[in-house]
Amino acid sequence: MEAEQRYRRILRIKDKHYVALFLAPAIAALILLTIYPMLYSLKISFFNWNLTVPGSQNQFVGLQNYAEILKHGEFWHSLWITICFTFFSVLFCMVIGTSLAFLMFQNLKGASIVRTFVISAMVIAPIIVGTAWRLMYNPGWGLINYFLSVAGIGGRPFLAQASTVLPALIVVDVWEWSPLVMVIVLAGLQGLSPEVYESARVDGASRWQTFIHITLPLLKPALLLSLLIRTMDAFRTFDTIYAMTGGGPGRSSENLNILMYNTAFEYFQVSKAASMALLSLIVITVICTLIFRVFRRNEGEAQ
Amino acid sequence: MFNSKKRKARFLIFGLLALVMVFPFYYMLVLSFTPNESALKYPPQLWPFHPTLSNYVQAWQSNNFQLYFLHSLWVSVISTLLGTIIACAAAFVISRFRFFGRKLIYMIFLGSMMVPSMTFILPQFKEMEHLHLLNSLNGLLLVYTAGMIPFTTFLMKGFFDEVPKEIEDAVVMDGGGKWTLFWRIMMPMALPSLVTAVLFNFMGGWDDYTLALTFINDPHKWTLPIALQLFQGQHTSAWGMIFAASVIQVLPIIAIFIAFQRHIIRGLMAGAVKG
């Protein structure tokens, strides 16, 4: 043991240049595309830069951008929309994705064909997803209103009404990304050993008990991973919403990403957009940390 | 053993769920084979009664479609190759070596996975402008490459962490260096995780709209998702053709997915789910 450690330490020193060589490209990419942009955003967020006003990038305003954003309603409105969208989308994705994973795990006839089709939702480019659903939501001849009218329920212009646009967009996001949860949970399921189930059966546990007390805890890493990935992705949804409503009607589907995009590229208030970006980064960091903490704490209790 | 009626009911519910999930894609396929005249009929057609390939032919031959297809292919393939290799190297080192700043670097990788894509689009835009990489497919490719690195590193580190020390030691005893260990031993072993990473990375580039829209203004350099969006402006009611184009766009990824389905599920299991 001691000999091995000494041996390893020598290796470590000898391999220093490998570490540098192997890490350098990744770190270069990180600096170029994350760290530098972050510092740059931080810097310009203290200025009053408007792309249409020459020289405005040198106007230092301190924390004024942040103060303005926090004072005016549009940021809070978009934050609220983002959080609603993220919460419901992630919730339904987790439930449906996990259910689908259990369905696929049964090795039914034709499961692999169905699986391929289900997965196709997630590989379609979001911009196409948006187009296809816009068509299906069309109040005149769209499929959804047709089905509703067949069922005897009056259709409505889902994407054009402030009250229905968010749920309609959530449906699309759930459709698009439940398959991802399915794939990850399926991976977790296939990693479980069958002995666990068998011993539980022998102990006389019911199916439901087995599920709650054995399967779910064992699936925790898979569930946590899909929860985190989904939360991050739902929080930053852009393409689909942009293609379907562009944030409308009015501002009723303008999430943070769309607000930031419009602020920077429609109104050219880049400093303000940068401040918003950093604020939203703080929000998502807090959310992800909370999710992580809750999962960790439960783990502690279970043991 | 268990109540079979209850079981049947459950399968029925799940089956219905699967059906609902499959349906929009099915509808896209139907529309892509339906002649344009009958695409907008009411009630909507759920089966192509007069199937035609003309939508596909038309889509493939119009609006520089083939050029955009090639652009997308170039950008996605090269960025996937670069991004995956760079991230694997980083994951390998972070997983198998102990060095100063290791934890910090890994935390930065994890942190940058959270960054909303829109957050840094403006600084990145300015940076690209500065480097004269705006309106350039190679510039776009670099942005994609960098974007892939955090998740791939995370996925691959999860796998590398699981490889027992003994394998590493055996290679070293046999006189192999770290280079041999990485290329000859670790990478082949990591194949399922690698396939997963490659697929997700390829999808990232192939399906991206926002970055391409922001960094490329020259119509001669557009990629497929941008072109598809453009199609809608130019052929407002040619839904058959729009969806034929979309199906052509989706096919490569579905083909890869079908070919590597088992690997992908195993890869996620070996890497991220356990890590």
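The rules behind the values
Residues numbered from 1 in each chain as written. Chains lettered and ligands numbered in written order. Predicted model: local features only at pLDDT ≥ 70, side-chain atom pairs only at ≥ 80, totals over all residues. Heavy atoms only, no water. 1 Å grid on protein atoms, 1.4 Å probe; cavity = no way out; pocket = protein on both sides within 12 Å on 5 of 7 lines; lining within 4 Å. Points joined across faces, edges and corners; volume = space filled by probe spheres on them. Helix = DSSP H or I, 4+ residues; strand = E, 2+ residues; numbered from the N terminus. Nonpolar A, V, L, I, M, F, W, Y, C, P; charged D, E, K, R; others polar. UniProt positions renumbered as here; feature names shortened; annotations may be inferred. Contact = heavy atoms within 4.5 Å. Buried area = accessible area lost by both parts, 1.4 Å probe. Salt bridge = Lys/Arg side-chain N within 4 Å of Asp/Glu carboxyl O. Polar contact = N/O pair within 3.5 Å; in protein donor to acceptor, adjacent residues only side chain to side chain. Buried < 20%, exposed > 50% of the residue type's maximum accessible area, 1.4 Å probe, protein only. Lys, Arg positive; Asp, Glu negative; His and termini not counted. Expected span 1.5 Å × (residues − 1). Arc of directions from axis to C-beta. Core = buried A, V, L, I, M, F, W, Y, C linked by side-chain atoms within 4.5 Å. Phe/Tyr/Trp six-rings, centres within 6.5 Å; stacked < 30°, edge-to-face > 60°. Lys NZ or Arg CZ within 6 Å of the ring centre and 35° of its normal.

So, empty space enclosed by the protein
Logical step 1: Inspection of the entire model under this criterion finds three cavities of 30 Å³ or more.
Logical step 2: Computed from the structure, the largest cavity encloses a volume of approximately 1,400 Å³.
Logical step 3: Together, 44 residues line the largest cavity, and Asp233 and Arg236 of chain A together with Ser117, Gly147 and Gly204 of chain B are the ones closest to its centre.
Logical step 4: Those elements giving two or more residues to the lining of the largest cavity turn out to be helix 2 (16–44), helix 8 (162–190), helix 11 (220–235) and helix 12 (239–244) of chain A together with helix 5 (102–114), helix 7 (137–162), helix 10 (191–207) and helix 11 (210–215) of chain B.
Logical step 5: A total of seven residues in the lining of the largest cavity trace back to one element, the largest contributor, which is helix 7 of chain B.
Logical step 6: For the lining of the largest cavity, a count of residues per class yields 25 nonpolar, eleven polar and eight charged.
Logical step 7: There is about 70 Å³ of room inside the second largest cavity.
Logical step 8: Taken together, Ser41, Met260, Ala264, Phe265, Ala273, Ala274 and Ala277 of chain A together with Met118, Thr119, Ile121, Leu122 and Pro123 of chain B form the lining of the second largest cavity.
Logical step 9: Put simply, the parts of the chain that give the lining of the second largest cavity at least two residues each are helix 13 (256–265) and helix 14 (270–302) of chain A together with helix 6 (121–130) of chain B.

Here we look at the UniProt feature "transmembrane region" (unreviewed entry) in chain A
Residues and elements named next belong to chain A.
Logical step 1: When the UniProt feature table is mapped onto this chain, "transmembrane region" (unreviewed entry) is found at residues 20–39, 79–105, 117–136, 165–189, 210–229 and 273–295.
Logical step 2: As annotated, residues 117–136 comprises 90% helix and 0% strand, and the C-alpha atoms at either end are separated by 19 Å.
Logical step 3: In residues 165–189, helix accounts for 100% and strand for 0%; the two terminal C-alpha atoms are 35 Å from one another.

Examining the interface of chain A and chain B
Logical step 1: Every contact between the two is made by 96 residues of chain A and, on the other side, 94 residues of chain B.
Logical step 2: With both chains or domains summed, chain A and chain B bury close to 8,600 Å², and 79% of this area falls on carbon and sulfur atoms.
Logical step 3: If you sort the residues of chain A by the area they bury against chain B, Phe22, Leu33 and Trp141 of chain A come out on top, with a joint share of 8%.
Logical step 4: There are zero salt bridges connecting chain A and chain B.
Logical step 5: At the junction of chain A with chain B, the criterion picks out four residue pairs in polar contact (both at pLDDT 80 or more).
Logical step 6: For the side of chain A that touches chain B, the leading source of residues is helix 2 of chain A, giving 20 residues.
Logical step 7: Residue composition of the side of chain A that touches chain B, grouped by class: 68 nonpolar, 18 polar and ten charged.

Here we look at the pattern of salt bridges
Residues and elements named next belong to chain A.
Logical step 1: Taken as a whole and assessed by the stated rule, the structure comprises seven salt bridges over all chains.
Logical step 2: With a shortest N-O distance of 3.7 Å, Glu74 and Lys272 are connected by a salt bridge. Taken together, the residues span a long stretch of sequence, with Glu74 in helix 4 (residues 73–105) and Lys272 in helix 14 at a distance of 198 residues.
Logical step 3: Asp173 serves as the salt-bridge partner of Arg230, at 2.6 Å between the closest nitrogen and oxygen. In this pair, Arg230 is assigned in helix 11 and Asp173 in helix 8, connecting sequence segments 57 residues apart.
Logical step 4: We classify Arg230 as buried; its relative accessible area is 1%.
Logical step 5: Salt bridges here are not isolated pairs; linked through shared partners, they connect Glu74, Arg251, Glu254 and Lys272.

A few points about the side chain of Glu176 of chain A
Residues and elements named next belong to chain A.
Logical step 1: Mapped onto the fold, Glu176 is located in helix 8.
Logical step 2: Arg230 provides the closest opposite charge to the buried, unpaired Glu176, separated from it by 7.4 Å.
Logical step 3: Glu176 has contacts with Ala121, Met122, Ile124, Pro126, Val129 and Thr240, leaving out every residue within four places of it along the chain.

A look at helix 5 of chain B
Logical step 1: When the terminal C-alpha atoms of helix 5 of chain B are compared, their 19 Å separation across 13 residues agrees well with the 18 Å that a helix rising 1.5 Å per residue should span.
Logical step 2: Of the residues making up helix 5 of chain B, those classed as buried are Arg102, Ile105, Tyr106, Phe109, Ser112, Met113 and Met114 of chain B.

Comments concerning helix 8 (residues 165–173) of chain B
All names here are of chain B.
Logical step 1: Looking at helix 8, one finds that the buried residues are Glu168, Asp169, Val171 and Val172. Down the axis of helix 8, the buried side of the element spans an arc of 160 degrees, and every buried residue falls inside it. Turned more than 90 degrees away from the buried face of helix 8 sit Glu166 and Met173, all of them exposed.
Logical step 2: Note on helix 8: the residue one or two positions beyond its end, Gly175, has a positive phi of about 90 degrees.

Section: the environment of Ala87 of chain B
Residue and element names in this part refer to chain B.
Logical step 1: Structurally, Ala87 can be placed in helix 4 (residues 65–96).
Logical step 2: Sequence-wise, Ala87 and Val195 are 108 residues apart; in three dimensions their C-alpha atoms are separated by 13 Å.
Logical step 3: With sequence-adjacent residues up to four places away left out, Ala87 is seen in contact with Ile149, Thr152 and Thr153.

Remarks on the UniProt feature "transmembrane region" (unreviewed entry) in chain B
Logical step 1: On the UniProt side, "transmembrane region" (unreviewed entry) is annotated at positions that read residues 12–33, 68–92, 104–125, 137–160, 181–203 and 238–260 of chain B here.
Logical step 2: With 100% helix and 0% strand, residues 137–160 of chain B has end C-alpha atoms that lie 33 Å from one another.

Here's the deal with the nonpolar core
Logical step 1: Counting residues in each nonpolar core, the largest one holds 182 residues, and the members touching the most others are Met122 and Val123 of chain A together with Phe92 and Phe160 of chain B.
Logical step 2: Take this core: its biggest share by element is 18 residues, from helix 8 of chain A.
Logical step 3: Sequence-distant contacts of Val123 of chain A, that is, excluding residues within four places in its chain, are made with Met203, Asp207, Val250, Ile253, Ile254 and Phe257 of chain B.
Logical step 4: One finds Tyr40, Trp49, Ala264 and Ala274 of chain A within the second-largest nonpolar core, a separate group that totals eight residues.

A short note on the packing of aromatic side chains
Logical step 1: Tallying each qualifying case throughout the model produces 34 aromatic pairs over all chains.
Logical step 2: Between Phe22 of chain A and Phe92 of chain B, the aromatic rings sit 5.7 Å apart at their centres with planes inclined by 45 degrees, giving tilted as the arrangement. Here Phe92 of chain B lies in helix 4 and Phe22 of chain A lies in helix 2, a pairing that spans two chains. Of the two residues examined, Phe22 of chain A and Phe92 of chain B, each falls in the buried class.
Logical step 3: Measuring from centroid to centroid gives 5.0 Å for Phe22 of chain A and Phe182 of chain B, while their planes differ by 70 degrees, and the two rings are edge-to-face. Within this pair, whereas Phe22 of chain A is found in helix 2, its partner Phe182 of chain B is found in helix 9 (residues 178–189), the two belonging to separate chains. In this structure, Phe22 of chain A and Phe182 of chain B share a single accessibility class: buried.
Logical step 4: By way of ring pairs, the aromatic residues Phe22 of chain A together with Phe92, Phe97, Phe159, Phe160, Phe182 and Trp183 of chain B are connected into one cluster.
Logical step 5: Positioned above the aromatic ring of Tyr106 of chain B is the side chain of Lys157 of chain B, whose terminal nitrogen or guanidinium carbon lies 4.5 Å from the ring centre.

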